[in-house]
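What follows is each chain in one-letter form.
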Amino acid sequence: MISLSRRLPLFLGTLATSLLFLFSCDKAPQKTPAKGGGNDKQASVKGDVVDDGKDLGDTLVWAVQSDADGFLPPVNETATGGAIMDLLMPSFMQSDFKDGRLVHLPGLAESWEQSEDKNHITFHLRKDVLWDDGKPITAWDQAFCYDLIRDPKVLSPRRPFTDRMDDAKPYEVLDDYTIRFNYKWGYNILTMMSHAGMSPVPKHLLEGADRTQLREHPLNKKMPVGHGPFRLLDWKRDQSIRISRNPACKIQEVPRLNRIEVKVIPEYATRIAELKSGKVDLVEALRVKDIESVRAYPNVKIYRRGFRFMDYIAWNQQNDLFKDRRVRRALTMSIDIQRFIRAYLTTKGGEVTAMPAYSTFTPELKDYYDPDFKLLPYDPAKAKALLAEAGWTDSDGDGVLDKDGKKFSFTLLTNAGNPRRQDMGVVVKEELDKLGILVDLEYMEGNTFFGNLRKKEYEAAISGWSAGLFPDPSDIWMTATKEKPRMFNFTGYSNPEADKLIDAGLHTSDLETEKAAYKKLLRIIYEDQPYTFLFWRAEYFALDKRFRGVEPSVLSVLKDVETWWVPKAEQRYKF
């Protein structure tokens, strides 16, 4: 089971959007034993073979675009590192996603309860789980992990997880296997639990470490000490990562695969060629134009995950061109988003892989999604009228809109190496040219591009979010202050009414109150159009057909990978 507790709201990775409340806030779910080691399943038919639980072995070869940065929970930042980290040292609780809602399940924390006043959550750890070096995992390890996260010397990207914890006493170790987290106020229970749900770190191995150099520590860069279903075999930088089955794992099923090998292959075309030849087994993020051709590979099956990825156009409101809401609404109405979806995000076989977006909350979260939400229409005539109302007309007859002697001209920026966003840029340029707006397209190296977004050093930009499952829109949409700079509020958006609604949602433990606040918030933001919300994309991944037991999930491409298996007759890698 893959856990999302550690995932952080980064624009390069996961964005904080929405969690769902599944059980009563005043008591814990019934104690359910966590999955344990062993393969004592009853025989069952799986396609063309019978699964008796005894087909152990083989290696999954997974091709990724970029390498990991390390495997230590307080400082990891990359998607590849996070995915491997989840398998080496799972988070406090396990996660699942059912019926449009996130579910927390027992893991290292076997049970928990919330206090009557909603401000405290107490976790009870299993007493039989050991670190790889044989030392017991205790509540002191969990507390030490949060000591590191909160220490400004560490510069942990997960520091915001602790912002709503009590300043004086954010957590207390009640005994070796019990820890209580204390919050300033109660809010969404699953978010509270996730904020406390990072994987512990081995205090006995790290307490003497230089916290300013934690990213270079051997536990991060060489040989992590974990407790999960896999252990690290070796890591060759920018080449490969190999992990192997951990038969001593107690909090999840012992994997049926012997190994997972991650191959770092930056070029998309090379990853596809390696998939076709059988040199790799798993490739994520298939491009729409390739789905049908890859589906025809005799050794491959394609799986569709949910809508976790959203593209948008950000209008920098620090630029005078985009301060007027009428202008931003007109720009959105001049872009035919549905036509782009039909032309670029529909397979040759007619399968539509995207849907129009209206917010940064993924439509997978059904309690927050409104299927009847009214979108702005594609209406160039009305867009031109709105621009004229805002003072933008072609006063000198040269075909370009102007106002107070200034031409309506700007640079539209996006990250290099993303064909979809480059295609969108071309479409936007063509559409706005019809209205008399001049657009220059610029493509920038990824890290520099995202850095410019953070610093608001751009005019307009096409970018995207990978939606997380935390209902906290504050970093994107709340007004920035000196104390709270809101580093992901790329557009400089500020609306006092939106601020009040965000604050209301963040300060309630009642799901209905939170939902009402956020639904109203999403309407206000959409009316303001700080973004042109483009579309949500489903992700497709390709996997060699020999792997059985695969159930695609919106949570992760490797969800429940410990239960994947290969019939002995089809196993490719022997040990």
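Please read these numbers as outputs of a predicted model, since none were measured by experiment. (Residues numbered from 1 in each chain as written. Predicted model: local features only at pLDDT ≥ 70, side-chain atom pairs only at ≥ 80, totals over all residues. Heavy atoms only, no water.)

Another aspect to go through is the overall build of the protein chain. Per the secondary structure count, the protein chain includes 15 helices and 22 strands. Each principal axis of the C-alpha distribution contributes one length, and for the protein chain these read about 80 × 60 × 45 Å. Here the protein chain, with 575 residues, has 60% of them falling under the buried criterion. Long-range pairs, those at least 24 residues apart, make up 71% of the contacts in the protein chain with a sequence separation of at least 6. For the protein chain, the accessible area works out to roughly 23200 Å², and carbon and sulfur atoms hold 50% of it. In the protein chain, the 84 positive side-chain charges and the 84 negative ones have mean positions that sit 3 Å from each other. (Helix = DSSP H or I, 4+ residues; strand = E, 2+ residues; numbered from the N terminus. Buried < 20%, exposed > 50% of the residue type's maximum accessible area, 1.4 Å probe, protein only. Contact = heavy atoms within 4.5 Å. Areas by Shrake-Rupley, 256 points an atom, 1.4 Å probe, with all protein chains shown as cover. Lys, Arg positive; Asp, Glu negative; His and termini not counted. Charge placed at Lys NZ, Arg CZ, Asp CG, Glu CD.)

A word on the environment of Lys 276. Structurally, Lys 276 can be placed in helix 6 (residues 268–277). Take Lys 276: its relative accessible area is 53%, and that puts it in the exposed class. For the pair formed by Lys 276 and Glu 253, sequence separation is 23 residues and the distance between their alpha carbons is 31 Å. The contacts of Lys 276, once residues within four sequence positions are left out, are Tyr 297 and Asn 299.

This next bit is on the nonpolar core. Among the nonpolar cores identified, the biggest contains 99 residues, and Leu 286, Phe 408 and Phe 410 are the most heavily contacted of them. Non-local contacts of Phe 410, meaning those with residues more than four positions away in its chain, are made with Trp 315, Leu 321, Phe 322, Leu 432, Ile 437, Leu 438, Val 439, Asp 440, Glu 459 and Ala 460. Counting 43 residues, the second-largest nonpolar core is a separate cluster that includes Ala 143, Leu 148, Met 193 and Val 201. (Core = buried A, V, L, I, M, F, W, Y, C linked by side-chain atoms within 4.5 Å.)

Once that is clear, we can look at unusual backbone geometry. In the Ramachandran plot, Asp 99 falls in the positive-phi region, its phi being about 55° despite a non-glycine side chain. By secondary structure assignment, the location of Asp 99 is in the loop between strand 5 (94–98) and strand 6 (101–105). Not every positive phi belongs to a glycine, and Lys 118 is a case in point at roughly 75°.

A word on the sheet that holds strand 7 (residues 109–114). The strand order across the open sheet built from four strands is 7-8-10-9, with neighbouring strands paired in antiparallel fashion. Looking at which strands have only one partner, the edges of the open sheet turn out to be strand 7 and strand 9 (171–175). Averaged over all pairs of adjacent strands, the angle between their axes in this sheet comes to 20°, without regard to strand direction. Sheet topology note: the strand 9/strand 10 (residues 178–182) ladder contains four bridges and is antiparallel. By the bridge assignment for strand 10, Asp 175 is matched with Thr 178. Packing of helix 2 (residues 139–150) onto the sheet brings it into contact with strand 8 (120–125), strand 9 and strand 10, and relative to strand 9 it is tilted by some 165°. (Pairing = 2+ DSSP bridges. Axes fitted to C-alpha atoms, helices over the stretch in contact; angles between N-to-C directions.)

This brings us to the packing of helix 8 (residues 325–333) against helix 10 (residues 380–389). Viewed as axis vectors pointing N to C, helix 8 and helix 10 meet at an angle of 160°, and their least axial separation amounts to 8 Å. Between helix 8 and helix 10, the interaxial angle falls into the category roughly antiparallel. Crossing hand, helix 8 versus helix 10: left-handed. Along the contact surface, helix 8 presents Arg 326, Val 327, Arg 329, Ala 330 and Met 333, while helix 10 presents Pro 380, Lys 382, Ala 383, Leu 386, Leu 387 and Glu 389. Within the contact of helix 8 with helix 10, the residues separate by chemical class into seven nonpolar, no polar and four charged. (Parallel < 35°, antiparallel > 145°, perpendicular 65-115°, else oblique. Left-handed = near helix turned anticlockwise from the far one by under 90°. Nonpolar A, V, L, I, M, F, W, Y, C, P; charged D, E, K, R; others polar.)

This next bit is on the pattern of salt bridges. Applying the stated criterion to the full structure yields 44 salt bridges. Linking Asp 128 and Arg 126 is a salt bridge whose minimum nitrogen-to-oxygen distance equals 2.9 Å. The exposure class of Asp 128 is partly exposed, given its relative accessible area of 34%. Taken together, the shared-partner salt bridges connect Asp 58, Asp 281, Asp 544, Arg 546 and Arg 572 into one network. (Salt bridge = Lys/Arg side-chain N within 4 Å of Asp/Glu carboxyl O.)

Attention now moves to the confidence of the model for the protein chain. Scored by pLDDT, the protein chain comes out at a mean of 90, with 92% of its residues at no less than 70. Below pLDDT 50 for its whole length, residues 1–46 participates in 182 contacts with residues either more than four positions away or in separate chains. (pLDDT = per-residue confidence, 0-100.)

Turning our attention to the pairing of strand 7. Bridge analysis of strand 7 against strand 8 gives five bridges, and the strand direction is antiparallel. Residue pairing for strand 8: Trp 112 is matched across the bridge by Phe 123. Here strand 7 folds back onto strand 8, and the loop between the two strands holds five residues, one of which, Lys 118, carries a positive phi near 75°.

The next subject is the side chain of Arg 329. Relative to the helices and strands, Arg 329 is located in helix 8. With relative accessibility at 17%, the residue Arg 329 sits in the buried group. Here Arg 329 is in contact with Leu 376, Leu 386, Tyr 526, Glu 527 and Gln 529, once residues within four sequence places are set aside.

Moving on, we get to the pairing of strand 20 (residues 438–444). Taken together, the seven bridges between strand 19 (residues 409–415) and strand 20 define a ladder with parallel strand orientation. Residue pairing in the sheet places Phe 410 in a bridge with Val 439 of strand 20. Chirality of the crossover, the property in question, places the unit of strand 19, helix 11 (residues 419–435) and strand 20 among those that are right-handed. (Right-handed = clockwise from strand over helix to strand, strands pointing away.)

Moving on, we get to helix 1 (residues 79–88). For an α-helix the count is 3.6 residues per turn, leaving residues at separations of three or four pointing the same way. With nine of 10 residues buried, helix 1 lies mostly within the body of the structure. For helix 1, the secondary structure elements touched by its buried residues are strand 4 (59–64), strand 11 (230–236), strand 12 (240–245) and strand 13 (259–264).

Here the focus is the packing of helix 8 against helix 15 (residues 511–528). Here helix 8 crosses helix 15 at 85°, and the two axes come no closer than 8 Å. Between helix 8 and helix 15, the angle is such that the two are roughly perpendicular. Residues Arg 325, Arg 328 and Arg 329 of helix 8 touch helix 15, and the partners they reach there are Tyr 526, Glu 527 and Asp 528. The residue inventory of the contact of helix 8 with helix 15, partitioned by class, reads one nonpolar, no polar and five charged.

Looking now at the side chain of Asn 182. Following the sequence through the fold, Asn 182 ends up in strand 10. For Asn 182, the side chain forms a polar contact with the main-chain oxygen of Lys 169, separated by 2.9 Å. Ignoring sequence-local partners within four residues, the contact set of Asn 182 consists of Asn 119, His 120, Met 165, Asp 166, Lys 169, Pro 170, Tyr 171 and Glu 172. (Polar contact = N/O pair within 3.5 Å; in protein donor to acceptor, adjacent residues only side chain to side chain.)

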